[in-house]
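Residue-level structural notes
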Amino acid sequence: MATLHVRNVSEDLHARLHQIAAAENQSLSAEVVRLLADAVEQRERRSGQKRVLAGMRRRRFVPSAGTPDSLTLLREDRSR
């Protein structure tokens, strides 16, 4: 397993992480690894969602200029 050293962690953040770890009955290291894994997973999920939305935008139907809107077509159909 790899080792990660983190520098310049504020005292406040360190204390908050320590409280979270204690509440979860985990060591500080185990809790930080879990939080990092959750953050990476969330970032990857958001990235995937952005790709899906971009694909939807590319494939979305845009009527060409001069095409009547649906309301006009409905009115024409009902007037027959």
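Higher on the page you've got the structure.
Residues numbered from 1 in each chain as written. Predicted model: local features only at pLDDT ≥ 70, side-chain atom pairs only at ≥ 80, totals over all residues. Heavy atoms only, no water.

Here the focus is the pattern of salt bridges. By the definition in use, this model includes four salt bridges. Here Arg 34 makes a salt bridge to Glu 31, at a shortest N to O gap of 2.4 Å. Residue Arg 34 and its partner Glu 31 are located together in helix α2 (residues 28-59), separated by three residues, close to a single helical turn. A salt bridge links Arg 45 to Glu 41, with the shortest nitrogen-to-oxygen separation between them at 3.0 Å. Placement of the pair is Arg 45 and Glu 41 together in helix α2, with a separation of four residues, close to one helical turn. The exposure class of Glu 41 is partly exposed, given its relative accessible area of 44%. Overlapping salt bridges, with partners in common, bring together Glu 31, Arg 34 and Asp 38 in one network. (Salt bridge = Lys/Arg side-chain N within 4 Å of Asp/Glu carboxyl O. Helix = DSSP H or I, 4+ residues; strand = E, 2+ residues; numbered from the N terminus. Buried < 20%, exposed > 50% of the residue type's maximum accessible area, 1.4 Å probe, protein only.)

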